[in-house]
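# Commentary on secondary and tertiary structure
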Amino acid sequence: MYNTKLITDDTYYVGSSDRRLALFENIYPIDRGVSYNSYVVIDEKTVLLDTVDHSVSRQFIENLEHVLGERKLDYVIINHVEPDHLATLDLVVRLYPDVKIVGNAKTIQMIKQFFTFNADENACVVKEGESISTGKHTFTFVFAPMVHWPEVMVTYDSFTKTLFSADAFGTFGALSGNLFADEYDFDREWLDDARRYYINIVGKYGMMVQNVLKKASDIDIAMICPLHGPIWRKDLLYFISKYDIWSKYEAEDDGVVIVYSSIYGNTENACAVLSSMLADLGVRNIKMYDASKTNSSYLVSELFRYSKAVFASSTYNAEIFPKMESLLLDLKAHLYQKKKVALIENGSWAISSGKKMSEILSQMKDVEIVSPVLTLKSSLKEDQLDALLSLAKSLV
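These numbers come from a predicted model, not from an experiment.

### Section: the pairing of strand E8 (residues 46–49)
Residues Thr46 and Leu48 point to one face of E8 and Val47 and Leu49 to the other, with burial holding for every one of them. Note: strand E7 (residues 39–42) against E8, four bridges, orientation antiparallel. Looking across to E8, one finds that isoleucine 42 is bridged to threonine 46. Between E7 and E8, which pair antiparallel and follow one another directly, the connecting turn spans three residues. Each parallel crossover has a hand, and the one from E8 via helix H1 (residues 57–68) to strand E9 (residues 75–77) is right-handed.

Have a look at this one:
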């Protein structure tokens, strides 16, 4: 049965949500599922903006056929070629063989990498700033390369002042009837997932996001329709400001994230003592995580969010504990920067985790490492409490 939503007088939501998927892109846990958003505009000519993942293809096709009724589909605009938004394009082309596929040159090239049908026959190749008119609506195309794929563009409908923003302004999480962000308590229900989505999916490309935000600042936007998560029709500047902070790699909140890798609990104990010291010094946002238990995507998001961090690792086979090393390399890949960090190393012999953590962190931009690294030999001793307190004071 179809399940569509009317967004404006002639714009429909035809996407759907997947609550069964455990890992987005087979790497990021999504306990709340994810939505795959797609939109149809009914005008003198009809327009579909992006398709959906295979997992919701049946619902999508029923929605699309219901909204179009007896009408044909004139255009399908592809803002992003990633399969979670492109996978059902071949179904659309089979149903509506005369449809024009609108995209830039890279879009058409990449469509041909995923499908065997002749995309050139249906292609309508557009350039930066070009437009197509469908009657009342005029759709203008703004290129957004590397946010987060090279072919990405966003589409602006000047009639409704709607920005169809591709993966930008998206979030993890399935939609539950309410389609608009203002119908939720966004800060409580969505912001953490929005941050984790941005940092892990797009975070590496902050400079490119800044370029798109500058382009968007010249456009009169009344509504943002992303490819994942709720639609924005109110308080747009609130969410845009979040993207501005995140893409500048600035701390969103002042606080300390303590991440540890502990084999038998002694490194964890030192971190627990440190957290109490930080609290006594007046720090209120203290977050403490076991790197072996918490998925890296959550840790990366939290470490980007807060201004300071502590990395504490046991030495394992004369190296950094594997889960901690993996986290640090993940941070490096996402361009972690503009933070103040402290290090704690532990080992019973051949202690080297601190040195090796420093080597990775020193390759990151504007990461200040507090000196000295605190070294534990198997466990924290009473005569080291002053040194631990000194580390806490130097950090805050």
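### A few points about the UniProt feature "domain: Flavodoxin-like" (unreviewed entry) in the chain
Annotation from UniProt places "domain: Flavodoxin-like" (unreviewed entry) at residues 256–396. In residues 256–396, the share of helix is 40% and the share of strand is 28%. The end C-alpha atoms are 9 Å apart.

### With respect to the sheet that holds E9
Taken in spatial order, the seven strands of this open sheet run E1-E2-E7-E8-E9-E10-E11, and their pairing is mixed. Each edge of the sheet is formed by a strand with only one pairing partner; in this case those strands are strand E1 (5–6) and strand E11 (123–125). Most of the contacts of H1 go to E7, to which it runs at about 10°, and overall it touches strand E2 (11–13), E7 and E8. Contacts from helix H4 (residues 105–114) reach strand E10 (100–103) and E11 within the one sheet, and its direction differs from that of E10 by about 120°.

### What to know about the packing of helix H8 (residues 206–216) against helix H9 (residues 236–247)
Viewed as axis vectors pointing N to C, H8 and H9 meet at an angle of 145°, and their least axial separation amounts to 9 Å. You can see that H8 and H9 cross each other, and the crossing is left-handed. On H9, the residues that touch Gly206, Met207, Val209, Gln210 and Leu213 of H8 are Ile240, Tyr243, Asp244 and Ser247. In terms of residue class, the contact of H8 with H9 is made up of five nonpolar, three polar and one charged.

### So, the side chain of aspartate 50
Among the secondary structure elements, aspartate 50 is positioned in the loop between E8 and H1. Despite its burial, aspartate 50 pairs with no opposite charge; the closest candidate is lysine 215, at 16 Å N-O. Among residues more than four places away in sequence, those in contact with aspartate 50 are Ser38, Ile77, Ile78, Asn79, His80, His85 and Leu227.

### A closer look at the environment of arginine 32
Tracing the backbone shows arginine 32 in the loop between strand E5 (28–29) and strand E6 (34–36). For arginine 32, a relative accessible area of 34% translates into the label partly exposed. As for arginine 32 and histidine 80, which are separated by 48 residues in sequence, their C-alpha atoms are 23 Å apart. With near-sequence residues (within four places) excluded, arginine 32 lies in contact with Phe172, Gly173, Ala174, Glu189, Trp190 and Asp193. At 2.6 Å, the side chain of arginine 32 forms a polar contact with the side chain of aspartate 193.

### Brief notes about the pattern of salt bridges
Tallying each qualifying case throughout the model produces 22 salt bridges. Residue lysine 112 pairs with aspartate 120 through a salt bridge whose shortest N-O separation is 3.1 Å. On the accessibility criterion, lysine 112 (40% relative accessible area) is partly exposed. Among the ionic pairs, glutamate 252 bridges to lysine 242, the shortest N-O distance being 2.8 Å. With glutamate 252 in the loop between H9 and strand E17 (253–261) and lysine 242 in helix H9, the pair connects residues that are ten residues apart, well separated along the chain. Residue classification places glutamate 252 among the buried residues on the basis of a relative accessible area of 15%. One salt-bridge network, held together by shared partners, links Asp192, Arg195, Lys242, Glu252, Asp253, Glu302 and Arg305.

### Brief notes about the packing of helix H10 (residues 266–280) against helix H14 (residues 385–395)
Where H10 meets H14, the axes come as close as 9 Å, and the angle between the chain directions of the two elements is 55°. Classified by the angle their axes make, H10 and H14 are oblique. Judged by the twist between their axes, the crossing of H10 over H14 is right-handed. Here Ala270, Val273, Leu274, Met277 and Leu278 of H10 lie close against H14, whose contacting residues are Leu385, Leu388, Leu389, Leu391 and Ala392. A class-by-class count of the residues in the contact of H10 with H14 yields ten nonpolar, no polar and no charged.

### What about H9?
Here H9 contains twelve residues, and its C-alpha end-to-end distance of 17 Å stays within 8% of the 16 Å for a straight helix at 1.5 Å per residue. Within H9 the residues assigned to the buried category are Leu236, Phe239, Lys242, Tyr243, Trp246 and Ser247. Down the axis of H9, the sector holding all buried residues measures 130°, keeping them to one side. At the C-terminal side of H9, tyrosine 249 shows a positive phi close to 60°.

### A word on the environment of leucine 281
Among the structural elements, leucine 281 can be located in the loop between H10 and strand E18 (286–290). Judged by its relative accessible area of 36%, leucine 281 is partly exposed. Placed 112 residues apart in sequence, leucine 281 and lysine 393 show a C-alpha to C-alpha distance of 7.6 Å. Ignoring any residue separated from it by four or fewer positions in sequence, one finds leucine 281 in contact with Ala392, Lys393 and Val396.

The rules we used
- Position numbers for residues count from 1 along each chain, tracking the sequence in the order it is written.
- Local features are withheld for residues below a pLDDT of 70 in this predicted model, meaning they are given only at 70 or higher, and side-chain atom pairs are given and counted only at 80 or more; totals for whole chains, interfaces and linings count all residues.
- Hydrogen atoms and water are omitted, and side-chain values are computed over all heavy atoms in the structure.
- Relative accessibility decides the category of a residue: with a 1.4 Å probe and only protein chains considered, values under 20% of the type maximum give buried, values over 50% give exposed, and everything between is partly exposed.
- In DSSP terms, a helix is any run of H or I states spanning at least four residues, a strand is any run of E spanning at least two, and both are numbered starting from the N terminus.
- Pairing between strands requires that DSSP locate at least two bridges from one strand to the other.
- With strands facing away from the observer, any crossover in which the path from the first strand over the helix to the second runs clockwise is taken as right-handed.
- UniProt positions are given in the numbering used here, feature names are shortened, and annotations may be inferred rather than shown by experiment.
- Residues count as neighbours in contact if any of their non-hydrogen atoms are within 4.5 Å of one another.
- Interaxial angle, 0 to 180 degrees, is taken between N-to-C directions of lines fitted to C-alpha atoms, where a helix line uses only the stretch in contact.
- Left-handed is the label given to a crossing in which the near helix is rotated counterclockwise from the far helix by less than a right angle, and right-handed is the label when the rotation is clockwise.
- Three classes are used: nonpolar for Ala, Val, Leu, Ile, Met, Phe, Trp, Tyr, Cys and Pro, charged for Asp, Glu, Lys and Arg, and polar for all others, with Gly counted as polar.
- For this count, His and the chain ends are skipped, Lys and Arg are scored as positive, and Asp and Glu as negative.
- The salt bridge definition used is simple: a Lys or Arg side-chain nitrogen within 4 Å of an Asp or Glu carboxyl oxygen.
- Pairs of N or O atoms are called polar contacts if they sit within 3.5 Å, as long as, within protein, a hydrogen donor faces a hydrogen acceptor (for residues adjacent in sequence, only side-chain-to-side-chain pairs).
- If an angle is under 35 degrees, it is roughly parallel; if it is over 145, roughly antiparallel; if it lies from 65 to 115, roughly perpendicular; otherwise it is oblique.
- Here a helix's expected span is defined as the number of its residues, less one, multiplied by 1.5 Å.
- By arc we mean the arc of the directions from the helix axis to the C-beta atoms, nothing more.

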